[in-house]
Amino acid sequence: MQKTEMGTEQKKVGNKGQKRARNVSVSLCPVAGKCGGCQWINRSYQEQLEAKETELRRLMEPYCRPERMIGMDQPAHYRNKVHAAFGEDRRHNAISGIYEEKSHRIVPVDSCYLENEKADEIIVTIRGLLKSFKIRPYNEDTGYGLLRHVLIRTGHATGEIMVVLVLGSPIMPSKNNFVKALLKIHPEITTIVVNVNDRSTGMVLGDKGQVIYGKGYIEDVLCGKTFRISPKSFYQVNPVQTEKLYRKAMEYAGITGSETVVDAYCGTGTIGMIAAESAGRVIGVELNPDAVRDARSNAKQNGISNIEFYRNDAGKFLVEMAEQGAMADVVLMDPPRSGSSEAFLNAVGRLSPRRVVYISCNPETLVRDLKVLTKKGYLVEKCVGVDMFPFTEHVETVCLLSKLHSDQHIEVELQMDELDLTSAESKATYEEIKDYVLEHSGLKVSSLYIAQVKEKCGIIERVNYNLPKSENSRQSKCPPEKEAAIREALGYFHMI
Ligand code: SAH
């Protein structure tokens, strides 16, 4: 599968020492060690899923037991966005590939186990065409040459392909003939864009762009909605798993038709637009102006009229909403790896939505933020890992939090108990207990009743720190038949 340069690469490694060559030869990728993009390339997929699930279970232990990790059926070539840096080897032959980890040295790569295969083929074709068109790759040290990078984005559902040629200067000689030659070999390309990046920067794309073939963007379909993807738009890189992630988020959100939903950190509005189908009104908020512009145009194109997008810091926006006494039934939040902010989480507490669905690409910041939200009277009901990035160590998580009860004081009190879980209590979530009771006795039980029975069984202590005695009497008591059913469930989950 690996072509000429990969052969050279292997030989080079082999000359350096037998041990390293042996490691390389068993790998699904001979340059995995240098690239650093797929830390887990040498682990079986099942093993990867188990490792991710175990890690998530460890981090979520104080809150709930994660559902089974949602993996990929075919965990290869999933990346719809492929980038290759261009340069020259010592003999001035064009090379293309990835930057060696933490450097700007190019490691030649012709095909990658994670990347879209067609995109990799197109990059090899472009490299092969350079000589006959007298186009030299750009040299970062001297500033000579033209072609710096090639970026390819593909529409999983539509089959559309966008090629972005990133040049070090604006003039591309024989541009039209180059396009003709490329399309002759790859008629499946639907648009070609030239982007100029003449700065000494780590960024791939520069500010200026010119469409030289097709419409300048591609479209893709996610959960029945069409999204426009421009060279710079944010779009999830694994569309197969993104659909599963969004479906799970919708299941957790439990929207029934009339709710007001906030889609915070909404990017190009994908999740909010899917939610809009079954909500009364959706309010999207996002910091990046380009993403907000794309979001608005996506909503228009899909004929969605019950959604609005605001460009703002999500924390500031939510604080304003709370100050104005606005309400939200559901808050969907999908912050970057650094997680959310205190301001945002405090404002969630004030807005008091019934449910919060937290999508996270970093479980460490997720648990940090859950700690704050549980202090605000939320209970972590359930969570699940979705494997968006097979062969890497990254874990994506969807988590459902809900207000325990309509009585604010009681919720706060239960919340404090939740912070102090015993190991027995962490064995099954409230939601799992409810499901078990419903299935085995046909009874619907509330989290409050479960908490009361847990207290009776000594699993949690519900000392009423916050409330005057009179408040206690406002709690309804769990009826005996429900108590028996809950006890049975606790027994089933080995909690008593
Ligand atoms: N929900 C989207 C995007 C999630 S990525 C999707 O699934 O496609 C996280 C997003 O948060 C990015 O678009 C980033 O621009 C945005 N972001 C980062 N910090 C922010 C902040 N303080 N306020 C609002 N949005 C922010």
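Structural data are supplied above this passage.
Here's a quick rundown of the structure.

What counts, and where the lines are drawn
Residues numbered from 1 in each chain as written. Predicted model: local features only at pLDDT ≥ 70, side-chain atom pairs only at ≥ 80, totals over all residues. Heavy atoms only, no water. Salt bridge = Lys/Arg side-chain N within 4 Å of Asp/Glu carboxyl O. Buried < 20%, exposed > 50% of the residue type's maximum accessible area, 1.4 Å probe, protein only. Helix = DSSP H or I, 4+ residues; strand = E, 2+ residues; numbered from the N terminus. Pairing = 2+ DSSP bridges. Axes fitted to C-alpha atoms, helices over the stretch in contact; angles between N-to-C directions. Contact = heavy atoms within 4.5 Å. Parallel < 35°, antiparallel > 145°, perpendicular 65-115°, else oblique. Left-handed = near helix turned anticlockwise from the far one by under 90°. Near = heavy atom within 4 Å. Polar contact = N/O pair within 3.5 Å; in protein donor to acceptor, adjacent residues only side chain to side chain. Nonpolar A, V, L, I, M, F, W, Y, C, P; charged D, E, K, R; others polar.

## With respect to the pattern of salt bridges
Reasoning step 1: Applying the stated criterion across every chain yields a total of 27 salt bridges.
Reasoning step 2: Here Arg199 ties to Asp207 by a salt bridge, and the two come within 4.0 Å at their closest N and O atoms.
Reasoning step 3: You can call Arg199 partly exposed: its relative accessible area is 41%.
Reasoning step 4: Between Lys232 and Asp207 there is a salt bridge, with the nearest N and O atoms lying 3.7 Å from each other. Pair noted here: Lys232 is in the loop between strand S9 (225–229) and helix H7 (239–253) and Asp207 is in the loop between strand S6 (191–196) and strand S7 (208–213), with a separation of 25 residues, a long-range link.
Reasoning step 5: Overall, the relative accessible area of 61% leaves Asp207 in the exposed class.

## Let's talk about the sheet that holds S6
Reasoning step 1: Spatially, the seven strands line up as an open sheet ordered S3-S2-S1-S4-S5-S6-S7, and their pairing is mixed. One side of each edge strand has no neighbouring strand; the edge strands of this open sheet are strand S3 (106–108) and S7. Taken pair by pair, the neighbouring strands of this sheet meet at an average axis angle of 35°, ignoring direction.
Reasoning step 2: Across the sheet, helix H6 (residues 175–185) lies against strand S5 (161–167), S6 and S7, angled at about 60° from S7, the strand it touches most.

## Topic: the packing of helix H5 (residues 117–130) against H6
Reasoning step 1: Contact geometry for H5 and H6: axes closest at 11 Å, N-to-C directions at 135°. Judged on the interaxial angle alone, H6 and H5 are oblique. As for the relative orientation of H5 and H6, their crossing is right-handed in sense. Across the interface between the two elements, Ile122, Thr125, Ile126, Leu129 and Leu130 of H5 pack against Phe178, Ala181, Leu182 and Ile185 of H6.

## Some points on the environment of Pro66
Reasoning step 1: Counting through the fold element by element, Pro66 comes out in the loop between helix H4 (45–60) and strand S1 (81–88).
Reasoning step 2: Remark: the alpha-carbon pair of Pro66 and Leu56, spanning 10 residues in sequence, is separated by 7.2 Å.

## Examining the site of the ligand
Reasoning step 1: In the vicinity of the ligand lie 16 residues, with Tyr246, Glu286, Asp313, Ala314 and Asp334 positioned nearest.
Reasoning step 2: Note that an oxygen atom of the ligand is positioned 3.1 Å from one of the side-chain N or O atoms of Gln236.
Reasoning step 3: The contact in question runs from an oxygen atom of the ligand to an N or O atom on the side chain of Tyr246, over 2.7 Å.
Reasoning step 4: Here the shell around the ligand is composed, by residue class, of eight nonpolar, five polar and three charged.

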